[in-house]
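Per-entry structural report
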Amino acid sequence: MKRIYLDHNATTPVHPEVFEAMVPYLKDEWGNPSSIHWAAREPKKAIDSAREKVAALLGCEANEIVFTSCGSESNNFAIKGVADALRGKGNHIITTSVEHPSVLNTCKFMEREGWEVTFLPVDPYGMIDLDQLRDSITDKTILVSIMFANNETGTIFPVEEIGKITREKGVLFHCDAVQAVGKVPIDVKRLNIDLLSLSGHKLYAPKGVGALYVRRGVRITPLIHGGHQERNRRAGTENVAGIVALGKACEIAMRDMDEEVAHITRLRDKLEKGIMERIEHVKLNGHPTKRLPTTLNVSFMYIEGESILLNLDMKGVAASSGSACTSGSLEPSHVLMAMGVPPEIAHGSVRFSLGRDNTDEDIDYVLEILPPIVERLRSMSPLYAKVKG
Amino acid sequence: MYSEKVMDHFMNPRNMGEIPDADGVGTVGNPACGDIMQLYIKVEGNVIKDVKFKTFGCGAAIATSSMVTELVKGKTLEEAEKISNKTVAEALDGLPPIKMHCSNLAADALHAAIEDYRKKRASKA
Ligand SMILES: Cc1ncc(COP(=O)(O)O)c(C=O)c1O
Ligand code: FES
């Protein structure tokens, strides 16, 4: 059966060059980088070199990068770590209502711990209002945590303006850039970002490795206490192969980003245009232009997302949905809800997220099989019967 | 995640559609996740002669709708009333725990259709 992967925002395949780069550290160079002897030398060097590659992609210094186990850990570390270090300075954190759960639930945890948290609303495109952000900052605010790009809709936030505001107001800016790194050029210095999260497996490195950029001078309490690894900021013997992989993935992103983004944007636009031309009653979720090149989130009105995904899966196409029926909690996507999308339209949402390996043939195939699937499900839907009259 | 039987009923739903001159119609919504099912019955004597459904919902909701129509066709109203969400789920070789509530939709729609039929008859008599 055909296998077409359009769920790159969930995870990406490991890039062949990344795989090649990490193998030696699983095979021959298995030493503990903290040791004093020969076995440590190569792994230690490899970590230093990976750190430089990550830093180069973000425009920072190598010693401003802390390796972690995933994007969720980086987000937890940033928020809890800064809050703890600045406990004496204030008790207020600002975030948005459309963050990834690893930020949202961390902020809810902080609320239970006695912190005040403002969850900024978004407009129907998923955009925040910068004036509202500015007005929300008080002398008690210590941290603003706002994502670079949304994982469900791809909407890109005005990070540069956010950085200006936070810098001007003297509060720290943490940016969850897990979905943006490698797809959008990021220069943390120019953007005035103080902390930035990224994750290997969204970037063609394997699962189990991430990083947090912490601007020099930013005080942060470790999340994981223990040994002196990562300059006392993150204990635990390093995931050497994973770190090497993340370094390689960042190096490749720097080298290939322009070309890949052009390729992916073209395919995504082709998919979007094709769907809109071939299928009626489709609504775009997210910003029409300020959007990740990889992401297309659309609602097929009058039908439900899981049943679309099952049909696509039967034909070998992998995608995802913000429908309540796929959520495990039976709540529709919090992102679409925050955007004011009615629940029945959120129900029919499907997210296609593209990657470097996708081809024109993939998109042609999806455009061929999707209309009959939608048509068939609509023929079963009591809601569609009403529309058709 | 789903049994083969669920996938079969989902991909090849039985008795999908509407009965324009139905004797009873049951429309229920699923409060848990906002799905809708409509079930039409045609009754002769005391027996459900024909049944059709339309569903807006997940794979499990569509499969249970389809299954419930198979289970009630040719049954007496009393027999049909005994069909519960458990009967439907079991007939499909089980549903994932998170999807059990979807089978309520089908059983509820059936019971609502029978009730609608009884009400209509009572008002005619
Ligand atoms: C925006 C965003 N932040 C954080 C994460 C969490 O990353 P990880 O899966 O590496 O924990 C994800 C992954 O889904 C994400 O999309
Ligand atoms: S109908 Fe929503 S989970 Fe089944």
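Residues numbered from 1 in each chain as written. Chains lettered and ligands numbered in written order. Predicted model: local features only at pLDDT ≥ 70, side-chain atom pairs only at ≥ 80, totals over all residues. Heavy atoms only, no water.

The secondary structure content of chain A amounts to 13 helices and 12 strands. Against the 2.2 N^0.38 benchmark of 21 Å for 389 residues, chain A shows a C-alpha radius of gyration of 22 Å, consistent with a compact globule. Over its C-alpha atoms, taken along the principal directions, chain A stretches across nearly 75 × 50 × 35 Å. Considering chain A as a whole, with its 389 residues, one finds that 59% of them fall into the buried category. A sequence separation of at least 24 residues applies to 73% of the contacts in chain A between residues at least 6 apart. The centroid of the 46 positive side-chain charges in chain A is displaced by 2 Å from the centroid of its 51 negative side-chain charges. (Helix = DSSP H or I, 4+ residues; strand = E, 2+ residues; numbered from the N terminus. Rg over C-alpha atoms; globule rule 2.2 N^0.38 Å. Buried < 20%, exposed > 50% of the residue type's maximum accessible area, 1.4 Å probe, protein only. Contact = heavy atoms within 4.5 Å. Lys, Arg positive; Asp, Glu negative; His and termini not counted. Charge placed at Lys NZ, Arg CZ, Asp CG, Glu CD.)

Further remarks concern the interface of chain B and chain A. With 25 residues of chain B at the interface, the matching set in chain A holds 22 residues. For the pair chain B and chain A, the two sides together bury roughly 1900 Å², of which 71% comes from carbon and sulfur. Looking only at chain B, the three residues that lose the most surface to chain A are Phe10, Met11 and Phe56 of chain B, adding up to 30% of its buried area. Across the chain B-chain A interface, the total number found is one salt bridge. Residues glutamate 306 of chain A and lysine 99 of chain B are paired through a salt bridge, measuring 2.7 Å at the closest nitrogen-oxygen approach. Scanning the region where chain B abuts chain A turns up 10 residue pairs in polar contact (both at pLDDT 80 or more). Of all the elements in the fold, those that place two or more residues in the side of chain B that touches chain A are α1 (4–11), β2 (35–44), β3 (47–56) and α2 (59–72) of chain B. Here the side of chain B that touches chain A is built from residues that sort into 15 nonpolar, six polar and four charged. (Buried area = accessible area lost by both parts, 1.4 Å probe. Salt bridge = Lys/Arg side-chain N within 4 Å of Asp/Glu carboxyl O. Polar contact = N/O pair within 3.5 Å; in protein donor to acceptor, adjacent residues only side chain to side chain. Nonpolar A, V, L, I, M, F, W, Y, C, P; charged D, E, K, R; others polar.)

Let's shift gears to the side chain of serine 197 of chain A. All names here are of chain A. Inspection of the secondary structure assignment puts serine 197 in strand β7 (residues 195–199). Of the residues examined, serine 197 reaches a relative accessible area of 0% and is grouped as buried. At a separation of 2.6 Å, a polar atom in the side chain of serine 197 contacts the side chain of asparagine 75. Aside from chain neighbours lying at most four places away, what touches serine 197 is Ser74, Asn75, His174, Cys175, Asp176, Ala177, Val178, Ala211 and Leu212.

The subject of this paragraph is unusual backbone geometry. Despite not being glycine, histidine 281 of chain A shows a phi value in the positive range, around 55°. For histidine 281 of chain A, the position within the fold is in the loop between α8 (240–278) and β9 (282–284). Of note in this structure, asparagine 15 of chain B is not a glycine but carries a positive phi near 60°. Structurally, the position occupied by asparagine 15 of chain B is in the loop between α1 and β1 (24–30).

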